[in-house]
Every structure is written in structure tokens, then in C-alpha cells.
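Working through the structure, step by step
Now for the letters of each chain:
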Amino acid sequence: MSDDEQLLDASSVAAEQVATEDEDVLKTKEGAGSNEDEIDEELTDFGCLGSSAACNPFKKFHRFLILVLICLLSFGSYYCYDNPAALAPQFKNDLGLMGGDYMLLYSLYSWPNVFLCFIGGYLIDKVFGVRLGAFLFGLMVTIGQLIFAAGAYLNNRNVMYVGRFVFGLGGENLAVAGNTYIVSWFAGKEINMVFGINLSFSRIGSTVGMVTLAPFYKAIAPYFGDNKPHLMGSLLLFGTCFLSTIVC
């Protein structure tokens, strides 16, 4: 066989291999398109427009909405967590919480979380699952803040302490659930950036509380006269109703 014939045979074999690879790629794309169509049909069966970017879990915009909801978990929790710091003079002057009594509001949040985060993580993994776990821990945050506001309204520091303890039972475990959501939705994608954004929103929640609660206090103070405990309780309840409830 001459050199020209050998070169022609080699070229033919190479062309056949390229054609085969093109067919495989085409079949793969067709299969992926078919799978996407099936997914769209399944989503539509559940009342969801699968072609909508906001509704299709395989679209980036859907993950962006998930990120917003995760950040709201942290925002609402930390807004309420730093209520005592944002209203420190009012807690001391209106409710008589001085020194160690005031610091106990933070200690009662921290003490249960020395070990309860381990238990909360186990419950999310083995018992509740992330969806139910996030809901239950978010509910505990809201209930704790409600009890805390009721204690301020009644000028009963023991009730306030119970509220902060219940708040602590849910607060850090809620953060564990949020981190689980992040790993579930963003692993292998933008996970490090999302962790950073979520942490930033936690601090934004604290900062917004620091900036807004004192002006709110001054704005509504004339309506309560000298009844400072009712003023404090109503203000803390406002924080619960309008911001802490987004946790759930």
C-alpha cells in the first residue's frame, strides 16, 4: 500500500471517529433537553411554571431567591438578638436593669448554645430534617422574643430572662439550619461567597436594630406618657411582629 493510500485510510478513520463523537454529544444534549422537559412537566403538575426562572430549581435566579430567604433568617434573628444593646439606656432607666442584671440578658442567650448546637445539628440531620428544623427553631426565636417583650411590658425581669433563654434555644440552631440550606443549594457553586453574604446580613440585622430602635422609642414615647414598661414592651413587640416573624 502506498503512502498516499495509508494517509487516506487514516483520514477516513479520523473522520469516522469525529462523526461518532458528534453523534454522542448530540444524543447527550437531546437527552438533557428531554430531561429538562420532563422536569418542567413535573413542576407544572405541582402548580409551578417550570419554564419560570423563579420557579425552576435548576435556574440561577431560583438559587438567588433561596439566598434571599436564607439571609432573612439571619437578619430577623440578629435584629432581635441585639435589642438590649440598641436600647441599653432605656433598659437601665425604664426597667431598672443595671450591671449584672442587664448582662444576664446576653448570658442567658449564650449559655444554652455552649452545647445545644450539637444537639440541634443532630436533630436536623436525624429527626426533623432541615425544613422542619428551620421552622421549629425559627418559631422558638419568635416565641422567645414575644415572651421577652411581654416581660418588658409587665416590668417583670424574670419573664424577660425566660424569653431570652427560649430565644437562645432557637437562635444558633437556626443558624445551623441556614448553613445546611447553603450547603444544599450552593455546594460546588458560589458557596463561599454565599456564606459571606449570609454572615454580612446577620451583622446588618444587628446594625439596623442599633440604628432604628432608639428613634422608634423617641417617636412613640409621647403616646405612653410615664408608663415606660408599656413603652418598652410595645417597642420590643414591634420588633417581633415586623422583623422577627420573617424568621418563620
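By convention here, each chain's residues receive numbers from 1 onward along its written sequence. In keeping with the predicted nature of the model, local features appear solely for residues at pLDDT of at least 70, side-chain atom pairs appear and are counted solely at 80 or more, and the whole-chain, interface and lining totals rest on all residues. In computing side-chain properties, one takes all heavy atoms of the structure into account and sets aside hydrogens as well as water.

**Things to note about the overall build of the chain**
Stated precisely, the cut-off is as follows: Helix numbers and strand numbers start at the N terminus; a helix is a DSSP run of H or I with at least 4 residues, a strand a run of E with at least 2. It only takes one pair of heavy atoms within 4.5 Å for two residues to be counted as in contact. What sets the accessible areas is the Shrake-Rupley method with a 1.4 Å probe; for residues, cover comes only from the shown protein chains.
Per the secondary structure count, the chain includes nine helices and zero strands. Listed by position from the N terminus, the elements making up the chain come as α-α-α-α-α-α-α-α-α. Across the chain, contacts joining residues at least 24 apart in sequence account for 70% of those joining residues at least 6 apart. With an accessible surface of roughly 13900 Å², the chain has 64% of that area assigned to carbon and sulfur atoms.

**Brief notes about the pattern of salt bridges**
Quick note on the threshold: Salt bridge criterion: a side-chain nitrogen from Lys or Arg within 4 Å of a carboxyl oxygen from Asp or Glu.
Enumeration according to the criterion identifies two salt bridges in this entry. A salt bridge links Arg63 to Glu190, with the shortest nitrogen-to-oxygen separation between them at 2.8 Å. Highlighted residues: Arg63 in helix H2 (residues 60-81) and Glu190 in the loop between helix H7 (157-186) and helix H8 (191-220), separated in sequence by 127 residues. Across the pair Arg157 and Asp101 runs a salt bridge, and its minimum N-O distance is 2.7 Å. Note that Arg157 is positioned in helix H7 and Asp101 in helix H5 (residues 100-110), a separation of 56 residues in sequence.

**Regarding the layout of surface pockets**
Rolling a probe over the atoms, with the probe sized like a water molecule, indicates the empty space that remains. For the record, the criterion: Points on a 1 Å grid over protein atoms alone make up a cavity when a 1.4 Å probe fits among them but cannot get out, and a pocket when they form an open set with protein on both sides within 12 Å along at least five of seven lines; lining residues each have an atom within 4 Å of a point. Grid points are joined across faces, edges and corners, and a volume is the space filled by probe spheres set on the points.
Its boundaries defined by the atoms lining it, the second largest pocket holds a volume of some 210 Å³. Lining the second largest pocket are 16 residues, and of these Ser74, Tyr78, Ala175, Asn198 and Ser202 sit closest to its centre. Of all the secondary structure elements, the ones that give two or more residues to the lining of the second largest pocket are H2, H7 and H8. Top element by residues in the lining of the second largest pocket is H7. It accounts for six residues.

**Brief notes about the side chain of Asn198**
Note on placement: Asn198 falls in helix H8. For Asn198, the contacting residues outside a window of four places in its chain are Ile70, Cys71, Ser74, Asn179 and Ile182.

**Concerning a nonpolar patch on the surface**
Here is the rule we go by: In this analysis, a patch consists of residues with relative accessible area above 30% that form no salt bridge, clustered at 9 Å for like charges and at 5 Å for the nonpolar side chains Val, Leu, Ile, Met, Phe, Trp and Tyr.
On the surface, a cluster of nonpolar side chains totalling about 500 Å² of accessible area is made up of Phe61, Phe64, Leu65, Val68, Leu69 and Leu72. Structurally, Phe61 can be placed in helix H2.

**Some thoughts on the environment of Tyr109**
Stated formally: Burial here depends on accessible area, computed with a 1.4 Å probe over protein chains only, as a share of the maximum for the residue type. Under 20% is buried, over 50% is exposed, and the range in between is partly exposed.
Positionally, Tyr109 belongs in helix H5. We classify Tyr109 as buried; its relative accessible area is 5%. Placed 28 residues apart in sequence, Tyr109 and Tyr81 show a C-alpha to C-alpha distance of 8.6 Å. What Tyr109 contacts, discounting residues up to four positions off in sequence, is Tyr81, Arg164, Phe167, Gly168, Gly171 and Glu172.

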